[in-house]
2 protein chains.
Amino acid sequence: MTKFMNQKNEIINKLRGSGLRPTKQRILIAKNLFDNNKTFHFTVETLNRKINKSGNEKISLATIYNTVEAFTNAGYLKEILTSKNKSYYDTNIKSHHHFYDEGSKELTDINYNQIKLSKVPIPPKGKKIKNLEVVIRIQK
Amino acid sequence: MTKFMNQKNEIINKLRGSGLRPTKQRILIAKNLFDNNKTFHFTVETLNRKINKSGNEKISLATIYNTVEAFTNAGYLKEILTSKNKSYYDTNIKSHHHFYDEGSKELTDINYNQIKLSKVPIPPKGKKIKNLEVVIRIQK
DNA sequence: TATCTAGTTTATAATAATTCTAAACTAGAA
DNA sequence: TTCTAGTTTAGAATTATTATAAACTAGATA
Ligand SMILES: [Mn+2]
Ligand SMILES: [Mn+2]
Ligand SMILES: [Zn+2]
Ligand SMILES: [Zn+2]
């Protein structure tokens, strides 16, 4: 009871902290994404299915898109560009690497320290490195 | 004269060698892609513009798509998945890495030996590494 | 060289993911 | 309670790509 109360308040504070109004849609989506003690990868399609399946009130696809974008901009989600034609998102926002299975089209985390880059090039003049995360493509 | 002859014959042999009929469309596209002594990156959109601009006879967009796919399957091109919603291709088929500029949306090659991976994880059981090329995202 | 046909090209339609639009709704400040 | 900027929503629009099916052609064979 108080636990649920706290969880919801945490979400509300988190949203407010980024200038996002805590609407019931955002709160419900946030619960689905951040409630767990484990992180996971998803696409808009899978998130939409998950949310509009259970006993939940329905949320429009447009809002799912809007919210995922807002959460990504706020730094609560990371976008992972790895697949043709479809964006993946990660609730694990720590810097880390991935396996991407070309067959099942699934991502798996690789801990940051599981890959060691002993030599990295200097970026072109005037540019800086925004992100250096490795995607290793695997298959059967 | 003989030089052009040879170039065209090289292309024809290359195509035949992969079971691809050397049609005039494929030959023209191949000239645009492989004629140079330098490699480059492109999207279907940029290739289509390039080909349907100059004095060339026109080639349909569908054929551009078909041909890029055929050349990729034949190993003459590499697909680079790095950008949301659009596929990039590389005429450099040697194993190498890339900078991807988020601002200009341009790829730049990084020589294979400019990045050294001193530690790489073992892929999940039953899977093997298909590809380990690093994309470093850069910005201003 | 003429004929034949599987492979290819093409215009166009269809699909898939995503973004846009504009009207209805709502959080929360006043 | 009122008010309004921010938000949600259904549906249309857009973009990249793939599918369809009719017309064309490379090149093997007669
Ligand atoms: Mn798309
Ligand atoms: Mn697409
Ligand atoms: Zn991850
Ligand atoms: Zn390259």
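Residues numbered from 1 in each chain as written. Chains lettered and ligands numbered in written order. Predicted model: local features only at pLDDT ≥ 70, side-chain atom pairs only at ≥ 80, totals over all residues. Heavy atoms only, no water.

Colleague: Even after reading the chapter, I still don't get the sheet that holds strand E5 (residues 106–110) of chain B, so can you show me in this structure?
Modeller: Paired through their backbone hydrogen bonds, the strands of a sheet run either parallel or antiparallel. Ordered in space as E7(A)-E8(B)-E4(B)-E5(B), the four strands form an open sheet in which the pairing is mixed. Among the strands making up the open sheet, the edge pair consists of strand E7 (128–131) of chain A together with E5 of chain B. When strand polarity is set aside, the average angle formed by the axes of neighbouring strands in this sheet is 40°. As defined by bridge partners, strand E4 (residues 97–101) of chain B adjoins E5 of chain B across five bridges and the pair is classed as antiparallel. In the strand pairing of E5 of chain B, His-98 of chain B is matched with Asp-109 of chain B. (Pairing = 2+ DSSP bridges. Helix = DSSP H or I, 4+ residues; strand = E, 2+ residues; numbered from the N terminus. Axes fitted to C-alpha atoms, helices over the stretch in contact; angles between N-to-C directions.)

Colleague: Looking at this structure, how should I read the interface of chain B and chain A?
Modeller: Often, the extent of an interface is quoted as the loss of accessible area on bringing the components together. Contact residues are listed per partner, giving 38 residues for chain B and 38 residues for chain A. Around 3400 Å² of area is buried between chain B and chain A when both sides are counted, 57% of it from carbon and sulfur atoms. The tally of links between chain B and chain A comes to six salt bridges. Where chain B touches chain A, the interface holds 22 residue pairs in polar contact (both at pLDDT 80 or more). Looking at the side of chain B that touches chain A, the element that brings in the most residues is strand E8 (residues 135–139) of chain B, giving five residues. Of the residues belonging to the side of chain B that touches chain A, the class tally is 17 nonpolar, nine polar and twelve charged. (Contact = heavy atoms within 4.5 Å. Buried area = accessible area lost by both parts, 1.4 Å probe. Salt bridge = Lys/Arg side-chain N within 4 Å of Asp/Glu carboxyl O. Polar contact = N/O pair within 3.5 Å; in protein donor to acceptor, adjacent residues only side chain to side chain. Nonpolar A, V, L, I, M, F, W, Y, C, P; charged D, E, K, R; others polar.)

Colleague: Help me understand the coordination of the zinc ion (ligand 4) in this model?
Modeller: For a metal with four donors in a tetrahedral arrangement, the ideal angle between donors is 109.5 degrees, while six donors in an octahedron ideally sit at 90 or 180 degrees. All names here are of chain B. Note on the zinc ion (ligand 4): its protein donors are His-41 (NE2), Asp-90 (OD), His-96 (NE2), His-98 (NE2) and Asp-109 (OD). The metal-donor distances range over 1.9 to 2.2 Å. When the donor residues of the zinc ion (ligand 4) are listed from N- to C-terminus, their spacing reads H-x48-D-x5-H-x1-H-x10-D. Both residues of the pair, His-96 and His-98, belong to the buried class. (Donors = N, O, S within 2.8 Å, 3.2 Å for Na, K, Ca; no water. Buried < 20%, exposed > 50% of the residue type's maximum accessible area, 1.4 Å probe, protein only.)

Colleague: Explain the protein's contact with DNA strand C here, please?
Modeller: Around DNA strand C, the structure places 20 residues, and the nearest of them are Arg-16 of chain A together with Thr-23, Gln-25, Arg-26 and Thr-63 of chain B. For DNA strand C, the backbone portion of the atoms within 4 Å of the protein, that is sugar and phosphate, comes to 77%. Side-chain polar atom of Arg-21 of chain A to a base nitrogen of DNA strand C: 3.4 Å apart, as the coordinates give it. In the environment of DNA strand C, a phosphate oxygen lies 2.4 Å from a nitrogen or oxygen atom belonging to the side chain of Thr-23 of chain B. Of the residues belonging to the surface near DNA strand C, the class tally is five nonpolar, eight polar and seven charged. (Near = heavy atom within 4 Å.)

Colleague: Explanation requested: the protein's contact with DNA strand D in the structure shown.
Modeller: Within the structure, DNA strand D sits among 19 residues, and Thr-23, Gln-25, Arg-26 and Thr-63 of chain A together with Arg-16 of chain B are positioned closest to it. For DNA strand D, the fraction of protein-proximal atoms (within 4 Å) that sit in sugar or phosphate groups is 78%. Within the contact set of DNA strand D, a phosphate oxygen lies 2.5 Å away from a side-chain nitrogen or oxygen of Thr-23 of chain A. Measuring from a phosphate oxygen of DNA strand D, one finds a side-chain N or O atom of Thr-63 of chain A at 2.7 Å. Per-element accounting of the surface near DNA strand D gives the leading share, three residues, to helix H4 (residues 61–74) of chain A.

Colleague: Help me out: how do you make sense of the relation of the copies chain B and chain A in this one?
Modeller: Between the two copies of the chain lies a rotation about an axis combined with a shift along it. When chain B is fitted to chain A, the best match, at an RMSD of 0.1 Å, comes from turning it 179° and sliding it 0.0 Å along the axis. Within this description, the copies of the chain are treated as partners about a two-fold rotation axis. The fraction of interface residues of chain B whose copies in chain A are also interface residues reaches 100%, indicating that both copies meet through the same surface. (Least-squares fit on C-alpha atoms with pLDDT ≥ 70 in both.)

Colleague: Looking at this model, I keep getting lost on the pattern of salt bridges. Mind explaining?
Modeller: Pairing is possible between side chains of opposite charge, provided their charged atoms come close. Residues and elements named next belong to chain A. Following the criterion strictly, the structure yields 14 salt bridges over all chains and no others. Residues Glu-45 and Arg-49 are paired through a salt bridge, measuring 3.4 Å at the closest nitrogen-oxygen approach. Of the two residues, Glu-45 and Arg-49 are both situated in helix H3 (residues 44–51); the distance of four residues between them amounts to about one turn of the helix. Using a relative accessible area of 40% as the deciding quantity, one classes Glu-45 as partly exposed.

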